[in-house]
Amino acid sequence: MPTALKTQTGRALGSSAARRLLANDQIPAVVYGHGMTPLPVTVDRRDLRVALSGPAGLNTILELHVGNDKYPAIVKEVQRDPVKRVVRHVDFQQISMTEIITVHVPLHVKGIAKAVVAEGGLVDPVVNSIDVRATAANIPNEIVVDITNMTMDSVVRLGDLQMPAGVTVVGDPEFVVVTVVTTKIEEVAPVAAPAEGEAPAEGAAAEAGAEGAAPAEGDAAKAAGGKPAAGGKPSK
């Protein structure tokens with residue numbers, strides 16, 4: 001059953017007027033859809049919070065009281081302050097209770113993936129909401145993914161999600177919505193330096209041998225001051 005929400009018509013337009021309304025906890029809004037001319041309205045901040053506090057959240061089906069008229073509607077878009085995150089503007093879309101509409105639905109995971117935890121992994125939801133199509137009466141409050149049987153090689157794709165009756169998921173069926181990441185860091189053992197008096201490594205021994213090798217024959221003669229070897233005759 002739709003949740004009633006009162007609005008006020010005849011608000012002034014412009015940023016200055018909007019700031020004055022927000023200072024008094026009145027949120028500027030607009031109602032449109034089904035060929036109606038967009039109608040600027042105002043909604044009390046507390047009334048909006050109460051109306052959307054149920055399990056359906058932003059997907060709550062509302063009965064907007066606009067002057068003497070009543071419109072079934074949903075929240076189509078919410079604008080928030082970039083710092084304070086408080087609501088600054090709301091778009092309400094008039095709907096028919098029998099038409100199929102596209103809405104954002106929260107995506108939650110449940111269970112413990114013991115095989116993933118045992119290997120130091122972590123189940124990572126890639127998105128926190130998905131788009132679905134359904135009539136107002138069939139819009140689910142959330143889509144829940146059971147991760148109990150996931151392993152390190154598991155992924156959950158959009159096409160793997162089980163939809164309630166009357167609900168169709170929107171998007172690429174191959175799009176990954178839940179995956180597994182590794183949190184364990186492999187440690188590399190440091191290479192120990194040789195202890196004092198220990199023989200150097202093979203490469204180091206080869207270098208040391210090269211440094212202590214006997215000089216070549218020509219170099220030996222120079223080192224001896226050009227003297228002939230024993231038994232040899234001096235040159236003339």
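Fair warning: this is a prediction, and the values are worked out from it, not measured in the lab.

Bringing the sheet that holds strand 4 (residues 36-44) into the picture now. Strand order in the open sheet formed by seven strands is 1-5-6-7-3-4-2, with mixed pairing between adjacent strands. Every interior strand has two partners, whereas the edge strands, strand 1 (3-6) and strand 2 (8-9), have only one. When strand 3 (residues 26-33) meets strand 7 (residues 87-94), the two strands line up parallel, connected through four bridges. Bridge assignment links V30 to a residue of strand 7, and that residue is D91.

We now examine the nonpolar core. With 26 residues, the main nonpolar core has V123, M150 and L161 as its most contacted residues. At the level of secondary structure, the elements contributing two or more residues to this core comprise strand 8 (100-110), strand 10 (129-135), strand 11 (143-146) and strand 14 (176-182). In this structure, V123 is in contact with A113, V116, I147, M150, V178, T179 and V180, ignoring residues within four places of it in sequence. If you look at the next biggest cluster of nonpolar residues, it comprises 19 residues, including L5, L52, L64 and V75.

Attention shifts here to the sheet that holds strand 13 (residues 168-170). In spatial order, the strands read 11-8-10-13; together these four strands make up an open sheet with mixed pairing. The outermost strands of the open sheet, each flanked by one partner alone, are strand 11 and strand 13. Strand after strand, the sheet turns through a mean of 40 degrees between neighbouring axes, direction not considered. Relative to strand 11, strand 8 runs parallel, the two sharing four bridges. Across the sheet, residue V109 finds its bridge partner in strand 11, namely V145.

Residue H34 is not a glycine yet carries a positive backbone phi of 55 degrees. With respect to the helices and strands, H34 occurs in the loop between strand 3 and strand 4. If you check the backbone angles, R85 has positive phi at about 65 degrees while not being a glycine. Relative to the helices and strands, R85 resides in the loop between strand 6 (69-80) and strand 7. Residue classification places R85 among the partly exposed residues on the basis of a relative accessible area of 48%.

Cut-off values and rules
Residues numbered from 1 in each chain as written. Predicted model: local features only at pLDDT ≥ 70, side-chain atom pairs only at ≥ 80, totals over all residues. Heavy atoms only, no water. Pairing = 2+ DSSP bridges. Helix = DSSP H or I, 4+ residues; strand = E, 2+ residues; numbered from the N terminus. Core = buried A, V, L, I, M, F, W, Y, C linked by side-chain atoms within 4.5 Å. Buried < 20%, exposed > 50% of the residue type's maximum accessible area, 1.4 Å probe, protein only. Contact = heavy atoms within 4.5 Å. Axes fitted to C-alpha atoms, helices over the stretch in contact; angles between N-to-C directions.

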